[in-house]
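Given next are the chains, with one letter for each unit.
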Amino acid sequence: MKVSKPATLQSLFTLGKASLLATVLGFSFGAVAEPVEIKFSHVVAENTPKGQMALKFKELVESRLPGEYKVSVFPNSQLFGDNNELAALLLNDVQLVAPSLSKFERYTKKLQVFDLPFLFEDMDAVDRFQQSEAGQQLLNSMSRKGLVGLGYLHNGMKQFSANNALSLPGDAAGKKFRIMPSDVIAAQFEAVGAIPVKKPFSEVFTLLQTRAIDGQENTWSNIYSKKFYEVQTHITESNHGVLDYMLVTSETFWKSLPKDKREIIKQSMDEAVALGNKLALEKANEDRQLILDSKRVELVTLTPEQRQAWVNAMRPVWSQFEDKIGKDLIEAAESANKP
Ligand code: SIN
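Numbering of residues starts from 1 in each chain and follows the order in which that chain's sequence is written. Totals for whole chains, interfaces and linings use all residues, but because this is a predicted model, local features are given only for residues with pLDDT of at least 70 and pairs of side-chain atoms are given and counted only at 80 or more. Only hydrogens and water are removed before side-chain values are computed, so all heavy atoms of the structure are retained for them.

An unreviewed UniProt entry lists the protein chain under the name C4-dicarboxylate-binding periplasmic protein, with Shewanella amazonensis given as the organism. UniProt positions are given in the numbering used here, feature names are shortened, and annotations may be inferred rather than shown by experiment. Taken directly from UniProt, the Sequence similarities (unreviewed entry) text for the protein chain runs: "Belongs to the bacterial solute-binding protein 7 family."

Next up, the structure:
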């Protein structure tokens, strides 16, 4: 066996001086430039549309720009959570985030359009609106705040879950529901006499488990991947709203990229989003079925009359926010229901 000679104090000292000099001068022996790191932080699990999209983006960028760019993905609020990810983006502590559209209220009121209850009939309508001129303009709605919208990503339609059957609006009265930080969603729950509680996504499971709150609203994929169904007795298949994302970066970071690299990164993102969107549709069905198969929760299926009662109770929220969102924008979104 070959035993390496122990380094003498003198040789270590010489090496130490040399590497210190190299650091000061900004180079190291034989080293090539470090890849630029793009940190992508998100709050959901990896087995979700957003989690998979992020990993695909990493794979594409690193295979197309090998050694030049590296993407580090931080799921499950590991790096930043709901309360600080956008601020961290503006400080360049992270370069890419994809919050739900309900989490931008501090930066623009326009995106509140997505939170209006019973606005979109299905995900096709959501997609048509996002791809329309009005929807694409919303990507620039936070440019004055230094945020660049790079695209939308689907998750799906929201369902209510609770510890009692929510068949009619009155069933929610007096119950506490965790909501995302959106005044529209708060108004939606207040419209049925419920108590909305704004809390980060990372706290929802514990709040439900300890019964600090009675219910929440989310997509099938989030309810499944975060096991909310294990700590709730009922899920009402309400499809009353949408939970989608906007991929955002900071203007400072985006502009710092050379144009050709920026194009490759954007192209990689578009392709990763296409995969995420395909998975979102599949997962909505698959995760719904997995939840039902678990038999840990009872499904409440609304009759047309019951559904209409929820619509009637919540629809007045639209006019409450019309001035802030803009009547034209609400109409543009509504018109996406007609193909
Ligand atoms: C997410 O899907 O990013 C989280 C949604 C939530 O906060 O409920």
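Having seen it, we continue.
## Focus: the site of the ligand
One heavy atom within 4 Å of a molecule or strand makes the whole residue count as near it. In the neighbourhood of the ligand, the contacting residues comprise Val-43, Val-44, Lys-50, Lys-103, Arg-178, Met-180, Phe-201, Asn-218, Asn-222, Leu-243 and Tyr-245. A distance of 2.5 Å is found between an oxygen atom of the ligand and a side-chain nitrogen or oxygen belonging to Tyr-245. Only the protein chains shown count as cover for residues, with accessible areas throughout obtained via the Shrake-Rupley method and a probe of 1.4 Å. In the complex, the protein chains occlude 100% of the 260 Å² of accessible area that the ligand would expose alone. Each residue receives one of three labels: charged for Asp, Glu, Lys and Arg, nonpolar for Ala, Val, Leu, Ile, Met, Phe, Trp, Tyr, Cys and Pro, and polar for the others, Gly being one of them. Class assignment for the residues of the shell around the ligand results in six nonpolar, two polar and three charged. The term polar contact refers here to a pair of N or O atoms within 3.5 Å; inside protein, the definition further demands a hydrogen-donor-capable atom paired with an acceptor-capable atom, and it admits residues adjacent in sequence only when both atoms are side-chain atoms.

## Structural notes on the packing of helix α6 (residues 183–190) against helix α12 (residues 317–325)
Here an angle of 0 to 180 degrees is reported between the N-to-C directions of two axes, which are lines fitted to C-alpha atoms, with helices fitted over the stretch in contact. Going along the chain from the N terminus, every DSSP run of H or I of four or more residues is numbered as a helix, and every run of E of two or more is numbered as a strand. Where α6 contacts α12, the axes come no closer than 10 Å and their chain directions differ by 160°. As far as their axial angle goes, α12 and α6 are roughly antiparallel. In the packing of α6 onto α12, the handedness of the crossing is right-handed. When α6 is examined against α12, the residues Asp-183, Val-184, Ala-187 and Gln-188 are found in contact with a partner set consisting of Val-317, Gln-320 and Phe-321. Residues belonging to the contact of α6 with α12 are distributed by class as follows: four nonpolar, two polar and one charged. Angles are sorted into four bins: roughly parallel if under 35 degrees, roughly antiparallel if over 145, roughly perpendicular if 65 to 115, and oblique for all others. For a crossing to be left-handed, the near helix must be turned anticlockwise from the far one by less than a right angle; the clockwise case is right-handed. Note on definitions: a residue-residue contact is assigned when non-hydrogen atoms from the two residues lie within 4.5 Å.

## Thoughts on the side chain of Ser-167
With respect to the secondary-structure elements, Ser-167 resides in the loop between β5 (159–162) and β6 (176–179). Looking at Ser-167, the relative accessible area reads 18%, which means it is buried. Beyond its immediate stretch of four places on either side in the chain, Ser-167 contacts Val-300, Leu-302, Gln-306 and Trp-310. Three labels apply to residues, based on accessible area from a 1.4 Å probe with only protein chains included: buried if under 20% of the type maximum, exposed if over 50%, partly exposed otherwise in between.

## Some points on the pairing of strand β7 (residues 195–198)
With four bridges joining them, β6 and β7 adopt parallel strand pairing. Residue Phe-177 lies in a different strand from β7, and its bridge partner there is Pro-196. When the strands point away from the viewer, a crossover counts as right-handed if the path from the first strand over the helix to the second runs clockwise. Following the backbone out of β6, through α6 and into the adjacent parallel β7, one traces a crossover that is right-handed. Here the rule is simple: two strands pair whenever DSSP picks up at least two bridges between them.

## Structural notes on the nonpolar core
Soluble globular proteins tend to bury their nonpolar side chains together. Throughout, nonpolar core names a set of buried Ala, Val, Leu, Ile, Met, Phe, Trp, Tyr and Cys residues whose side chains join them through atoms within 4.5 Å. Membership of the largest hydrophobic core comes to 58 residues, with the highest contact counts inside it found for Phe-40, Met-53, Phe-57, Leu-247, Ile-265, Met-269 and Trp-310. Broken down by element, the residue count for this core peaks at five residues, all from helix α10 (residues 259–294). For Met-53, the residues in contact, after removing those within four places along its chain, are Phe-40, Leu-153, Leu-247, Met-269, Ala-272, Val-273 and Gly-276. With 38 residues, the next largest nonpolar core counts Phe-114, Leu-138, Met-142 and Met-157 among its residues.

## Digging into a positive patch on the surface
Two joining distances apply to patches: 9 Å for like charges and 5 Å for nonpolar side chains (Val, Leu, Ile, Met, Phe, Trp, Tyr), and every residue must have over 30% relative accessible area and no salt bridge. Salt-bridge detection follows one rule: a side-chain nitrogen of Lys or Arg within 4 Å of a carboxyl oxygen of Asp or Glu. Positive residues here are Lys and Arg, negative ones are Asp and Glu, while His and the chain termini are left out of the count. For charged residues, the charge sits on one atom: NZ in Lys, CZ in Arg, CG in Asp, CD in Glu. A surface patch of positive charge is lined by Lys-109, Arg-144, Lys-145 and Lys-324. Take Lys-109: it is sitting in the loop between β3 (96–97) and α4 (123–131).

## Let's talk about the sheet that holds β6
The strand order across the open sheet formed by six strands is β7-β6-β8-β5-β9-β11, and the pairing between neighbours is mixed. Either end of the sheet is taken by a strand with one partner, and the two such strands are β7 and β11 (298–300). Sheet twist, expressed as the mean angle between neighbouring strand axes with direction ignored, is 30°.

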